[in-house]
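This is what each chain is made of:
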Amino acid sequence: MAFPFYDQADEAAPPTPYLHDRAAVDSAADLIARFGDDAGFEAAALAERSRNLGNALGFCRWRQIERLIVLLSTGRAVGTVH
């Protein structure tokens, strides 16, 4: 059954990342400013570096920042818009 309010485009939207604090947004904005389209790759590299050092918290933080960068790069609103 099709629902009139259901938008299939929502399935393609990346999941909303968990943001522990404002610093994650600042880090994402900094990476975007410094690396442009490659900001997500840089965040992934930082996550990998943290994992290799055994820093699980750093790994998770940079992965969420990577997800935030991907979300910001979609160029559209995701979730409820008021």
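Everything quoted here is computed from the prediction, not taken from an experiment. (Residues numbered from 1 in each chain as written. Predicted model: local features only at pLDDT ≥ 70, side-chain atom pairs only at ≥ 80, totals over all residues. Heavy atoms only, no water.)

**What to know about the pattern of salt bridges**
What counts here: Should a side-chain nitrogen of Lys or Arg be within 4 Å of a carboxyl oxygen of Asp or Glu, the pair is scored as a salt bridge. A helix here means a DSSP run of H or I that spans at least four residues, while a strand means a run of E at least two residues long, and both kinds are numbered starting from the N terminus.
A complete count under the given rule lists four salt bridges for this structure. We note a salt bridge from R22 to D26, for which the minimum N-O separation is 3.0 Å. Residue R22 and its partner D26 are located together in helix 2 (residues 22–35), separated by four residues, close to a single helical turn. Its salt-bridge partner being R34, residue D30 comes within 2.8 Å of it at the nearest N-O pair. Taken together, the positions of D30 and R34, both in helix 2 and four residues apart, correspond to about one turn of that helix.

**A short note on the confidence of the model for the protein chain**
Which entries qualify depends on this criterion: Values of pLDDT, the confidence the predictor places in each residue, fall between 0 and 100.
For the protein chain, mean pLDDT is 85; residues scoring 70 or higher make up 82% of the total. Here helix 1 (residues 9–12) stands out as the element of the protein chain with the lowest mean pLDDT, 57, in contrast to helix 3 (residues 39–52), whose mean of 97 is the highest.

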